[in-house]
Amino acid sequence: MNAPLGARILVIDDEPQIRKLLKVTLQAHQFELHECGEGAEGVIQASIVHPDLIILDLGLPGMSGMEVLRRIREWSQVPIIVLTAKDQEGDKIAALDGGADDYVTKPFGMGELVARIRVALRHVAKTTDEPILRFGSLTIDLAQRQVELEGTLVKLTPTEYEMLKVLASNAGKIITQRQLLQQVWGGHHHESDSHYLRVYVGHLRKKLNEDPTKPRFIQTEPGIGYRFLLPAE
Amino acid sequence: MMSERIKKEMQASHGKRVPAYVWVTLGVTLLTLLLHAIGMSVDLVNVALVYLFPVLVSAVYWGMGPAVYAASFSVIMFDFFFVPPYLSFTVEDLRYLISFVVYLAVAILTASLAGRLRQQLEMVKAREATTNSLYALSRQMTAITDLNTLQVNIATQVSLTLGKPAAVYLPDGQGDLLVTSSSSPVSEGEKDNWGDGESEIAIAKWVYHHGQIAGKGSSTLRESPGLYVPLRTEEQIHGVLAVSMEAGEVHEQQEQLLLLEACGGLAAGAIARVKLAEEARLAQITAESERIRTALLDSVSHELRTPLTAIIGSATGLLENDTLFTPEDRRELTGNIRDGALRMNRLVTNLLGMVRLESGMLQLNRKWCDVGDIISVVLTQVREFSPHHNIQVELPDDPAFIYGDEVLLEQVLVNIVSNAIKYSPDESQIIITVTSNKSPSQLTIQVDDQGVGIPEAERIRIFDKFYRSESTRHVTGTGLGLAICKGIVEVHGGTIVAEPNPGGGTRMRIELPMEAHGSRFPYSEQGEVEE
């Protein structure tokens, strides 16, 4: 299930140098690149070009990256990867909760960016009705509500199962604490309940025989949320 | 205290003057009766001598006036009762008149001598009191190092010494004179905080600008109820000291003027001293910040230029001599560019962190966080640039939760573990130990390495900004990492120390209070049944 070759990527970033860097390297990775340096134009471009993925800089002059994100999300489910300068957990969370699929911090490694682009593109391609998720030795049977690790059944409580399901079906993608709370506990959660998440993630890790210091499945994104790791390709 | 006593004594001596005459009258009368009863009326010389006694007593105890009165009254009594013809003022023998005059002269002379002695005694006493109060004042003032306390103290002390309300005026930043401190009223009936009035401030301003004494008892503005003394040292006038004067005798006012001037001198000296100390402190701070700025510039220019040189050199090399390089060379040069950029990124991150800490912009985003989780994130970050160290983690059985800022605590640990890696040889072991204590409820994170260790003298200084140990100058760094760690840990209410590792190397120990929020982690099993 590789990303479709020649996927069209729209880069919205005001820095010509970053655009140039992205253009050269992503074209080398066989992507088709479109670029624009300004938020309002980016929104228009997104509707004209019909990109398969958008790379959006949060720190745009004029119309802010957040606003661009909101406008595009009004009519499109195109995957959006946010490019941001570090140290702004609040911004990242806002972007993710606002519909971004992932974030990459500046300065970034190109390998990481390409990996994220692949994950985001694959999510679109993937049909969600697949009943069994497989991650190396871990199998999650969504139809049977059963989890198997190395061939043996893992007993999970309903909440633990729900969390694992949400994380695993978004494998490779980052899930914010709020998204996780919302999807597992529904609308009744409270933002301050996030410590329950930690307890449950702790239990889940233990049951998946995971050394918390060497995450195999669930990786913590500090201050933001969790990411279910894809097995090394 | 001292001043109150003087005041009372003065009032007493003033008030007793009238009863003194009554006492004299009574005493002389009684003496006359006694002499009569004893029947000494024939021995006139003895009687006259006995009559000198009340004169002396009055002179010693009550001063000149009562003594003269006693002398005159005695002469009259002597004449009336003892000089023949008895019970009449007529004198039989005119020679008695000479005796009377001589007697009176002797009595008055004695009285005046005794009176002067007494006056001198009183003066000495008053001076002693003044000296004492000035001494107390100066002792009080030398101990104070803070200008505000000093002002209040001056006003209170002067007010106590003189027994009158006092106020201190000091110029503000713009040079306008303000009442900075006024004593509370000494006795009832005086209005609160004397010196706040417009006219009082106006006079104070005049005194401040002209540097002359004004007010009651001085040569200027005699009509004013207050007395204003400039607080003057050799170079400048620091402010004005004012005292509310009641109507009093002229010589008393003169004395108080002198006393006030002395107080003013003391106060001016004290204010000048405090101001100088303040200036010295400011100068020291400026010098220190200058030093830090120089260190920052040196360090930043060096730390930024080194990787920049590497990046520019490698990049231009690649651009200009593309054909010269083998693929391996090219790999090496691009790797150089990446490493230089990564190094610059670390420096920029640290500098930004420091700026955020210093400017107070750092706000804790406190949440319950799992320490194991934080360490796992730290390890993923650290492993990227150090695949050659064996890092072991020992976590407590129960998951340790702490109420703090996850991202910042992670930064602390990344800095410390990176340091452990930086300063210890490849393939050596780094052990991270987490222990939690119930009471006092605190979390300890220890990072042990087997590296070069830190000399004892430097164990505190390594947490200073831009401090680099002499022995490790060859390792790149800015000396900011640990300063940031310290800042973050302290914002969390914890402590961070460097200790020798019993196994050789360094042990960094972080202690964080777990109940910073007043409650423990609301940890509870959810009671769910496993499916």
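See above for the structure.
Presented here is a report on the structure given in the accompanying data block. (Residues numbered from 1 in each chain as written. Chains lettered and ligands numbered in written order. Predicted model: local features only at pLDDT ≥ 70, side-chain atom pairs only at ≥ 80, totals over all residues. Heavy atoms only, no water.)

Thoughts on the overall build of chain B
Logical step 1: If you tally the helices and strands in chain B, you get twelve helices and twelve strands.
Logical step 2: Burial statistics for chain B: of 531 residues in total, 42% are counted as buried. (Helix = DSSP H or I, 4+ residues; strand = E, 2+ residues; numbered from the N terminus. Buried < 20%, exposed > 50% of the residue type's maximum accessible area, 1.4 Å probe, protein only.)

Overview of the side chain of B:His492
Residue and element names in this part refer to chain B.
Logical step 1: Along the polypeptide, His-492 turns up in the loop between helix H12 (481–491) and strand E11 (495–500).
Logical step 2: Exposure remark for His-492: the relative accessible area of 5% places this residue in the buried category.
Logical step 3: A distance of 3.0 Å separates the side chain of His-492 from the backbone oxygen of Ile-488, its partner in a polar contact. (Polar contact = N/O pair within 3.5 Å; in protein donor to acceptor, adjacent residues only side chain to side chain.)

Examining the packing of helix H3 (residues 44–62) of chain B against helix H5 (residues 95–143) of chain B
All names here are of chain B.
Logical step 1: Contact pair H3 / H5: the axes reach a minimum separation of 8 Å and the direction vectors enclose 25°. Looking at the two axes, H3 sits roughly parallel to H5. For the crossing formed where H3 meets H5, the hand is right-handed. Two secondary-structure elements touch here, H3 through Leu-44, Ala-48, Tyr-51, Leu-52, Val-55, Leu-56, Ala-59, Val-60 and Tyr-61 and H5 through Tyr-96, Tyr-103, Val-106, Ala-107, Thr-110, Ala-111, Ala-114, Gly-115 and Arg-118. (Axes fitted to C-alpha atoms, helices over the stretch in contact; angles between N-to-C directions. Parallel < 35°, antiparallel > 145°, perpendicular 65-115°, else oblique. Left-handed = near helix turned anticlockwise from the far one by under 90°. Contact = heavy atoms within 4.5 Å.)

Section: the side chain of A:Gln177
Logical step 1: Tracing the sequence through the fold places A:Gln177 in helix H7 (residues 177–185).
Logical step 2: Classification of A:Gln177 by relative accessible area gives buried; the value is 8%.
Logical step 3: What A:Gln177 contacts, discounting residues up to four positions off in sequence, is A:Ser194, A:Leu197, A:Arg198, A:Ile224, A:Gly225 and B:Lys367.

A short note on the nonpolar core
Residues and elements named next belong to chain B.
Logical step 1: Core analysis: the biggest nonpolar cluster contains 48 residues, and Ile-416 and Ile-510 have the highest contact counts within it.
Logical step 2: It is helix H11 (residues 406–422) that provides the largest number of residues to this core, a total of nine residues.
Logical step 3: Residues contacting Ile-416, with those up to four places away along its chain left out, are Val-447, Leu-482, Cys-485, Ile-496, Met-508 and Ile-510. (Core = buried A, V, L, I, M, F, W, Y, C linked by side-chain atoms within 4.5 Å.)

Some words on the sheet that holds strand E6 (residues 132–135) of chain A
Paired through backbone hydrogen bonds, the strands of a sheet run either parallel or antiparallel to each other.
Residue and element names in this part refer to chain A.
Logical step 1: Pairing is antiparallel in the open sheet, where four strands are placed in the order E6-E7-E8-E9. Across the chains shown, the open sheet's two edge strands, defined by having one partner strand only, are E6 and strand E9 (152–154). Adjacent strand axes in the sheet meet at a mean angle of 25° when their direction is disregarded.
Logical step 2: Bridge analysis of strand E8 (residues 146–149) against E9 gives three bridges, and the strand direction is antiparallel. Bridge assignment links Leu-149 to a residue of E9, and that residue is Thr-152. (Pairing = 2+ DSSP bridges.)

As for the environment of B:Thr90
All names here are of chain B.
Logical step 1: Along the polypeptide, Thr-90 turns up in the loop between helix H4 (64–82) and H5.
Logical step 2: Overall, Thr-90 belongs to the exposed group, its relative accessible area being 51%.
Logical step 3: C-alpha of Thr-90 to C-alpha of Phe-80: the two residues are ten residues apart in sequence and 8.1 Å apart in space.

Let's talk about the sheet that holds strand E10 (residues 442–448) of chain B
Residue and element names in this part refer to chain B.
Logical step 1: Spatially, five strands are ordered E7-E9-E10-E12-E11 in an open sheet, and the strand pairing comes out mixed. Whereas interior strands pair on both sides, the edge strands pair on one side only; in this sheet they are strand E7 (390–394) and E11. Taking the axes of each pair of neighbouring strands and ignoring which way they run, one obtains an average angle of 15° across the sheet.

Topic: the pattern of salt bridges
Residue and element names in this part refer to chain A.
Logical step 1: The tally for this structure, following the rule as stated, stands at 31 salt bridges over all chains.
Logical step 2: Where Arg-205 meets Glu-210, a salt bridge forms, and the shortest distance between an N and an O atom there is 3.1 Å.
Logical step 3: The class for Arg-205 is buried, based on a relative accessible area of 4%.
Logical step 4: The structure contains a network of salt bridges with shared partners spanning Asp-102, Glu-112, Arg-116, Glu-221 and Arg-227. (Salt bridge = Lys/Arg side-chain N within 4 Å of Asp/Glu carboxyl O.)

Some points on helix H9 (residues 327–358) of chain B
Residue and element names in this part refer to chain B.
Logical step 1: Taking 1.5 Å per residue as the helical rise, H9 with its 32 residues ought to reach 46 Å, and the 46 Å between its terminal C-alpha atoms agrees with that figure.
Logical step 2: Every buried residue of H9 is listed here: Leu-333, Gly-340, Arg-343, Met-344, Leu-347, Asn-350, Leu-351, Gly-353, Met-354 and Leu-357.
Logical step 3: Taken from the residues just after H9, Gly-360 is the one with a positive phi, measuring 75°. (Expected span 1.5 Å × (residues − 1).)

A closer look at the packing of aromatic side chains
The description of an aromatic ring pair uses the distance of the two centres, along with the angle that the planes make with each other.
Logical step 1: Throughout the structure, instances matching the rule amount to nine aromatic pairs over all chains.
Logical step 2: A network of ring pairs unites the aromatic residues A:Phe135, A:Phe217 and A:Phe228 as a single cluster. (Phe/Tyr/Trp six-rings, centres within 6.5 Å; stacked < 30°, edge-to-face > 60°.)

Quick look at the interface of chain B and chain A
Logical step 1: Taken together, the 29 residues of chain B in the interface contact 27 residues of chain A.
Logical step 2: Carbon and sulfur atoms supply 51% of the area that chain B and chain A bury against each other, a total of about 2600 Å² over both sides.
Logical step 3: For the pair chain B and chain A, the number of links is two salt bridges.
Logical step 4: Of all elements in the fold, only H9, strand E6 (367–370), helix H10 (371–385) and H11 of chain B reach the threshold of two or more residues within the side of chain B that touches chain A. (Buried area = accessible area lost by both parts, 1.4 Å probe.)

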